[in-house]
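The primary structure of each chain is shown beneath.
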Amino acid sequence: MAWWKSIRKTSVGWIKGYASKVGGVTNSNDVDHFTPQNAAYWIYVGLFFLCFIANRFIYGGVQEPEDLGALTQHPKISENEPRTDDIVYLKLSELFVQMENFQQMERIKPFLPLFPKILDSVPSAVPLFREHYVLSSPYGKRHHPVHKISKNHFGVDLAAAKDTPIYATAAGKVIRIKNSPKGHGLHIVVSHSHGFQTLYGHMESVSVTEGEAIGAHDFIGTVGSTGISTGPHLHYEIIKNAKRIDPTSSFNLKYEVYLKLKNL
């Protein structure tokens, strides 16, 4: 419609130009100038407005694409429809809630690259830097080093130097800080989404407070040898729906997912 705008602009300028030449004082019988005192002026003005109205009637309902905003960019998305990433999150969340242990992760792993950030709220990493620890006692039956009997070990022991930094394996809320001299010593419990909790035992120091919200991989304290312990180490547990499960398969979970995404 650029051509119509150009003609309209030229016409208005032409009318103003001739009116200014007359100087505002004209005779109704003057037919030599295009002014309001001339009948031809009103005929032209009438035709001009008729054309203008016709133009608005024919083209007025059509918007330029840039005026349609997000609707033009995403014509199939309405405000009431959930986004794809929301649907993926809800499905993954449902699977994590249903999951009883990390041996059942195989059915979830194919979907994790679609929404890897969900792993920020799931215990999916090691609470110590890899070069700072040695797995000294796995999950399951073992000969207790202090009690000298066979007992179930409901977590894993990560031997490390005293004061080694400990990091939360998922975002959550600190729900308990306690010192049990005849148990896990100074320890904390963090509650996470999807029915998960984590426990960090035998700590030397704690850098968080009860009730505090923390992020994934936040610094929460240091390794110690408090409670029943034969040396500095971190006792780490994952609790799922009030049941302690083997955390070993969770250690490389986030690493494997992001490595896969990097190599795609």
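Rules of the game
- Residues numbered from 1 in each chain as written.
- Predicted model: local features only at pLDDT ≥ 70, side-chain atom pairs only at ≥ 80, totals over all residues.
- Heavy atoms only, no water.
- Buried < 20%, exposed > 50% of the residue type's maximum accessible area, 1.4 Å probe, protein only.
- Helix = DSSP H or I, 4+ residues; strand = E, 2+ residues; numbered from the N terminus.
- Pairing = 2+ DSSP bridges.
- Phe/Tyr/Trp six-rings, centres within 6.5 Å; stacked < 30°, edge-to-face > 60°.
- Lys NZ or Arg CZ within 6 Å of the ring centre and 35° of its normal.
- pLDDT = per-residue confidence, 0-100.
- Contact = heavy atoms within 4.5 Å.
- Salt bridge = Lys/Arg side-chain N within 4 Å of Asp/Glu carboxyl O.
- Axes fitted to C-alpha atoms, helices over the stretch in contact; angles between N-to-C directions.
- Arc of directions from axis to C-beta.
- Core = buried A, V, L, I, M, F, W, Y, C linked by side-chain atoms within 4.5 Å.

Regarding the pairing of strand E7 (residues 185-191)
In terms of residue burial, E7 counts as a mostly covered element, since six of its seven residues are buried. Here strand E6 (residues 172-180) runs beside E7; their pairing, made up of seven bridges, is antiparallel. Along E7, the bridge assignment pairs Lys173 with Ser191. Hairpin connection, E6 to E7: the antiparallel pair is bridged by four residues. Note: E7 against strand E8 (residues 196-201), four bridges, orientation antiparallel. Following the sheet pairing, Val190 is matched in E8 by Thr198.

As for the packing of aromatic side chains
The way to describe two aromatic rings as a pair is by their centre distance and the angle between their planes. Taken as a whole and judged by the stated rule, the model has seven aromatic pairs. With centroids separated by 5.1 Å and ring planes inclined at 50°, the aromatic side chains of Phe129 and Tyr167 adopt a geometry described as tilted. With Phe129 in the loop between helix H4 (84-98) and strand E1 (134-137) and Tyr167 in strand E5 (residues 165-167), the pair connects residues that are 38 residues apart, well separated along the chain. Phe129 sits in the partly exposed class, given a relative accessible area of 41%. Here a set of aromatic residues connected by ring pairs shows up, and it is made of Phe96, Phe102 and Phe196. One cation-aromatic arrangement involves Lys240 over Phe196; the distance from NZ or CZ to the ring centre is 5.2 Å.

Focus on the confidence of the model for the protein
Confidence in the prediction of the protein, expressed as mean pLDDT, is 78, and 64% of residues score 70 or more. Low pLDDT, under 50, characterises residues 2-29; the predicted model gives this stretch 19 contacts beyond four residues in sequence or across chains. Within the model, pLDDT remains below 50 along residues 61-82, and this stretch shows five contacts once partners closer than five positions in the same chain are excluded.

Thoughts on the pattern of salt bridges
Inspection of every chain in the model, using the stated rule, returns six salt bridges. Residues Lys254 and Asp120 are paired through a salt bridge, measuring 2.8 Å at the closest nitrogen-oxygen approach. Taken together, the residues span a long stretch of sequence, with Lys254 in helix H5 (residues 253-262) and Asp120 in the loop between H4 and E1 at a distance of 134 residues. One salt bridge connects Glu237 with Arg244, and the closest N-O pair in it is separated by 3.8 Å. Judged by relative accessible area, which is 3%, Glu237 ranks as buried. A residue is classified by how much of its surface remains accessible, and Arg244, at 34% relative accessible area, is partly exposed.

Structural notes on the sheet that holds strand E11 (residues 219-223)
Within the open sheet, the three strands sit side by side as E5-E11-E9. Their pairing is antiparallel. Pairing within the sheet leaves two strands with one partner each, and these edge strands are E5 and strand E9 (203-206). Ignoring strand direction, the axes of neighbouring strands in this sheet form an average angle of 35°. Examined bridge by bridge, E5 and E11 share three bridges and lie antiparallel to one another. The residue bridging Tyr167 from the neighbouring strand is Phe219, located in E11.

Here's the deal with H5
Those residues of H5 lying buried are Leu253, Lys254 and Val257. Axial view of H5: buried residues confined to an arc of 95°, hence all on one face. In H5, the exposed positions that point more than 90 degrees away from the buried face belong to Tyr255 and Lys262.

Thoughts on the nonpolar core
Side chains of a nonpolar character, in soluble globular proteins, are inclined to be buried together. Counting 38 residues, the largest nonpolar core has Phe96, Leu112 and Tyr200 as the members making the most contacts within it. Elements with a minimum of two residues in this core: H4, strand E4 (156-159), E7, E8, E11, strand E12 (233-240) and H5. Among the elements that take part in this core, H4 stands out by supplying four residues, more than any other.

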